[in-house]
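As a plain string of letters, each chain reads:
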Amino acid sequence: MSVKFCCDDHNVEVAVRNANPFTLAGKLRDVWTTRPEQEAIVYYNDKDVRNSITNQQLNMYCERFAAIVRSHGIKKGDVVCNMLSPGVEKEVANFGLMLAGVVVMDGAIIDDSSELFWRPLDQANVKAIILEPHPDAVGWRILKGHIGKDAFVEFYTGRESKTLEKIFVFRLASREYETGPKAPSVKLALEVLANTECRWVEAVYAHDPCGIFVDRCPFQRHYKLIIRTHGEVLLMAERNVEMLHFRESDIIYNDWPLSWVSWLPFSYMMKGCTMVKSTLVECEPKSVVRETWDLMVKEKCTMASLQPPMIQMLGSHCSDLPEPHWRLRAVTTTYEVKDTVLDAIGVLTSSIIICYSLIEAGLVSRLIVDEHSRSKYINGCVGQQGSTVRTVFDFNAPRTPKPTKVGEICLNGRLIAKEYYNDINLTKCSFTPTGSYITGDLGYYDENGNMYVIGRKGDAIIRRQTAIFPSDIEQIINQCPGMWKVKVVIFRDQSGVQQMCACVVPRSHDALTIDRVKEYCRYQLGGVDNNDEDSHMPSYVLFFDNFPMNKGQVDRHLLAQMVSDLINRKKSLEMDGC
């Protein structure tokens, strides 16, 4: 059965209230009504067409979408999963749901086309889904059989979910859609909202749930869900403003998906900044850098939230530009920043802000690197944490940062999550009895109180009390001439001693030998002898025709088991005199 929203529907209730200023929804409406003519979001499509939406328009669209979802049976406290691609419509849906008192769940990371698609939705008791009729959208591929050709809202009648009732279909202005007699003809979402007269703002409180934040577990077998209240998200947004030094006059280009990354969009809007977003989906990779730079110059961006590779590529692009040229402040929300990324300082940007953030904690720490401090930067440094976060490296350690050895990072504080939503088993594994969150990251403090994050504990090999990351060794060995693939794994020999093996797939068996790989390791790493004192040295080198795979990824666990069987069997034969 199809239920279409009609603009002349007089049954839609109209209720506009003063939003609570101590909630995120109330804070946003304060900004929208105080500066109605300011551009809130600017975005470009693949045809380089500029689109923008003012604070007044954003307020109007959000109020109208809030009324639509309420008119279709979505009540305060219900969970709605937003699976839209990054764009202004996604933000309208997110903020509109908040004005309706609905709990927003970001579904961008849910990309499984198997039964795993339903697992996080059922875990969160999702009542409705918002998706776009695009063939690349996972949700559309799975649910399009339940949706009519031109429906804006559909009932869900499938058996895969016990809680899902409604499907909202949003057609995005910045996306190109297929045409033809079988193609969906849903109207553009903003057109539907523009022709709607109803408005709604629900009375919500700081302790009411606001959003469910989703991340994928390291082994990608299931998802982690964190539920947050309006008060918590508001405090996290205020922490971002304080630590990242946003200003009301800032025009911020965002290379990350607009929503939910460290709560940055909420921070932008709460401070009254303008967001700029490119939707260069179909742009050729070699043109993305140039067009991104041109876009930032055209919009006079003062700040940019970029991924490290983009910072590096933009820095190289700007090194060919005549001086002086436009410069900005750059933010990267990842701790994995290499020295080469810092070459952009003084060319593209005056400073780079390196952030360490998690959905369980929000923004934990940040480090501002400029021309004066660049020479002192050490890979993995993420600076000092915010005032609302405490970091310890073991459960009995003092709370004030002091120089430490490498250990597992644990977090506590009033804004640190205490559990995963509807997942008792994962909660027990991830939180201590005293409530500290076990991040799974390895790190340490230096004598100045700066924190360093050196990698995931699950990826590390601990040898002679030293944390070694296979990817670092693989990167070096992979440069050996004749090398095709290399994976470094750990196993225990017959004596129970932990050993490390470099597993190699050569380009040609004639061109590369085990002895040649060992010689290369001696030159680059210092040796491969079992008695070598350097803990980074692989104990063994083995050749393979190929590596065992699992869902498109090398199965390290199975590979390590194969190595253990091969080497221990050989040792047994040698001991038997065979």
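Keep in mind the model is a prediction, meaning the values are calculated, not measured. (Residues numbered from 1 in each chain as written. Predicted model: local features only at pLDDT ≥ 70, side-chain atom pairs only at ≥ 80, totals over all residues. Heavy atoms only, no water.)

Take the overall build of the protein next. Each helix and strand counted, the protein has 14 helices and 28 strands in total. Long-range contacts, defined here as pairs at least 24 residues apart, represent 65% of the contacts in the protein between residues at least 6 apart. Summing over all exposed atoms, the protein offers an accessible surface of approximately 26,800 Å²; the carbon and sulfur share of this is 49%. (Helix = DSSP H or I, 4+ residues; strand = E, 2+ residues; numbered from the N terminus. Contact = heavy atoms within 4.5 Å. Areas by Shrake-Rupley, 256 points an atom, 1.4 Å probe, with all protein chains shown as cover.)

Here the focus is the pattern of salt bridges. Enumeration over the complete set of coordinates arrives at 20 salt bridges. Close ionic contact of R329 with D250 constitutes a salt bridge, the shortest N to O distance being 3.1 Å. Residue R329 is located in strand β14 (residues 328-332), and its partner D250 is located in the loop between α7 (230-244) and β11 (251-254); the two are separated by 79 residues in the primary sequence. D250 matches R329 in its accessibility class, with the two residues each being buried. Connected through shared salt-bridge partners, K75, D78, K127 and E165 make up one network. (Salt bridge = Lys/Arg side-chain N within 4 Å of Asp/Glu carboxyl O. Buried < 20%, exposed > 50% of the residue type's maximum accessible area, 1.4 Å probe, protein only.)

Burial analysis of strand β19 (residues 407-412) places six of its six residues in the buried class, which makes it a mostly covered element. Here β19 runs beside strand β20 (residues 437-445); their pairing, made up of four bridges, is antiparallel. Counted as the bridge partner of E408 is L442 from β20. (Pairing = 2+ DSSP bridges.)

Moving on, we come to the packing of aromatic side chains. Inspection of every chain in the model, using the stated rule, returns 13 aromatic pairs. With a centroid separation of 5.2 Å and 80 degrees between ring planes, the pair formed by F65 and F170 is classed as edge-to-face. In this pair, F65 is assigned in helix α2 (residues 55-71) and F170 in the loop between β8 (166-169) and α6 (189-194), connecting sequence segments 105 residues apart. Owing to a relative accessible area of 0%, F170 belongs among the buried residues under this scheme. Seen in terms of ring centroids, F491 and Y540 are 5.9 Å apart; in terms of plane orientation they differ by 45 degrees. Their pairing is tilted. Of this pair, F491 sits in strand β24 (residues 483-492) while Y540 sits in strand β26 (residues 540-543), and the two are 49 residues apart along the sequence. (Phe/Tyr/Trp six-rings, centres within 6.5 Å; stacked < 30°, edge-to-face > 60°.)

What follows concerns the pairing of β20. Most of β20 is tucked away, with seven of its nine residues classed as buried. Linking β20 to strand β21 (residues 451-456), which pair antiparallel, is a turn of five residues; within it G449 sits at a positive phi near 85 degrees.

With that out of the way, let us pick up helix α13 (residues 514-525). Side chains that are three or four residues apart share a direction in an α-helix, a result of its 3.6 residues per turn. Compared with the 16 Å implied by 1.5 Å per residue over 12 residues, the 16 Å span of α13 between its first and last C-alpha is a close match. When we look at burial in α13, the residues that qualify are V517, Y520, C521 and L525. Considered in projection along α13, the buried side chains sweep an arc of 105 degrees and stay on one side of the axis. Opposite the buried face of α13, by more than 90 degrees, sit the exposed residues D515, E519 and Y523. Packing partners of the buried residues in α13 comprise α12 (470-477), β24, β25 (498-506) and β26. (Expected span 1.5 Å × (residues − 1). Arc of directions from axis to C-beta.)

A few words now on the confidence of the model for the protein. Averaged over every residue, the pLDDT of the protein is 82; the share at 70 or more is 86%. Mean pLDDT values for the elements of the protein range from 35 in strand β1 (residues 2-3) up to 96 in strand β4 (residues 79-82). The low-confidence segment residues 1-11 (pLDDT under 50) makes 20 contacts with residues lying over four places distant or belonging to another chain. Long-range and interchain partners of residues 393-399, a stretch whose pLDDT sits below 50, account for 14 contacts in this model, where long-range means more than four residues apart. (pLDDT = per-residue confidence, 0-100.)

Geometry of a packed helix pair, given as the angle between the helix axes and the separation of the axes. One can describe the packing of α12 onto α13 by two numbers: an axis separation of 10 Å at closest approach and a directional angle of 110 degrees. The pairing of α12 with α13 is recorded here as roughly perpendicular in orientation. Taken as a pair, α12 and α13 cross one another with a handedness that is right-handed. Of the residues in α13, those touching α12 at I473, I476 and I477 are V517, Y520, C521, Q524 and L525. Its residues assigned to classes, the contact of α12 with α13 comprises seven nonpolar, one polar and no charged. (Axes fitted to C-alpha atoms, helices over the stretch in contact; angles between N-to-C directions. Parallel < 35°, antiparallel > 145°, perpendicular 65-115°, else oblique. Left-handed = near helix turned anticlockwise from the far one by under 90°. Nonpolar A, V, L, I, M, F, W, Y, C, P; charged D, E, K, R; others polar.)

For α7, spanning 15 residues, the distance from its first C-alpha to its last is 21 Å, which sits close to the expected 21 Å at 1.5 Å a residue. The buried fraction of α7 is high, at 11 of 15 residues. One or two steps after α7, the chain reaches H245, where phi turns positive at roughly 60 degrees.

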